[in-house]
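Here is what each chain is made of, one letter per residue.
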Amino acid sequence: VPDRTIRYTKVPPGNYTFHVQMKTAEGSLSAVASSAEIVILPPVIARWWFVLILAVAVLVVLWLVASYLSGRRYAGRMKTEVRERTADLEHSEKNVRDESRRLAATLESISDGVITLDENDRVVMCNTAAEHLLDRGEHKIQGCELASVMNVTPRISLHAGAPTTHALSSDDGR
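Every value quoted in this text rests on a predicted model; they were computed, and no experiment measured them.

## Some words on the overall build of the protein
- Along its length, the protein carries 4 helices and 5 strands.
- Starting at the N terminus and ending at the C terminus, the protein contains elements arranged as β-β-α-β-β-α-α-α-β.
- The burial tally for the protein puts 11% of its 174 residues in the buried class.
- For the protein, contacts bridging at least 24 residues in sequence account for 25% of all contacts bridging at least 6.

## Observations concerning the side chain of asparagine 127
- Turning to its location among the elements, asparagine 127 is positioned in the loop between strand 4 (123-126) and helix 2 (128-134).
- For asparagine 127, the side chain forms a polar contact with the main-chain nitrogen of alanine 130, separated by 3.0 Å.
- Those residues in contact with asparagine 127 that lie beyond four places of it in its chain are Leu107, Glu108, Ile110, Asp112, Gly113 and Val114.

## Brief notes about the nonpolar core
- Membership of the largest hydrophobic core is limited to 10 residues, which are Ile115, Leu117, Val123, Cys126, Ala130, Leu134, Ile141, Leu146, Val149 and Met150.
- Within the residue set of this core, elements represented by two or more residues are strand 3 (113-117), strand 4, helix 2 and helix 4 (146-149).

## Re unusual backbone geometry
- Of note in this structure, lysine 10 is not a glycine but carries a positive phi near 60°.
- In this structure, lysine 10 sits in the segment before strand 1 (14-20).
- The backbone of aspartate 121 sits at a positive phi, close to 60°, despite the residue not being glycine.
- Residue placement: aspartate 121 occurs in the loop between strand 3 and strand 4.
- Here aspartate 121 falls in the partly exposed class, since its relative accessible area comes to 38%.

Cut-offs applied
Residues numbered from 1 in each chain as written. Predicted model: local features only at pLDDT ≥ 70, side-chain atom pairs only at ≥ 80, totals over all residues. Heavy atoms only, no water. Helix = DSSP H or I, 4+ residues; strand = E, 2+ residues; numbered from the N terminus. Buried < 20%, exposed > 50% of the residue type's maximum accessible area, 1.4 Å probe, protein only. Contact = heavy atoms within 4.5 Å. Polar contact = N/O pair within 3.5 Å; in protein donor to acceptor, adjacent residues only side chain to side chain. Core = buried A, V, L, I, M, F, W, Y, C linked by side-chain atoms within 4.5 Å.

Now the structure itself:
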């Protein structure tokens, strides 16, 4: 062998012992002149730790994809729920505005002076008759404490925590 190199291809992984013998010109073999232990490792992709790392990586990618999809589904559900709740809130606000207009119209149609108070005895609403009796505009009265607007004793009191209505009448008790 001119370059003293030997190449073997397709040798499976494992432990091998390489023996060197010489062949004489007559064709007889000599005793083993040299031997060497050779270990052929499997390729990286066939090693146990690589397979384990690959399996863990696949599981992590699957978990990330599942989390992403789950997050998108959750976001979609939340978007739908927010849309529904917003529609409900808008509907409720419209009902409150309509009821407030109806109550304001009813309040204005009452010929006696009426002042509506909150739980802290602050004026929330008053009708035109009350404005005329007090000789003040509604916007000058709203938010003021009843005691600062007039000296009156409550005639009608609803249950605790509810607005209180005071009726204004002439001094003769009508």
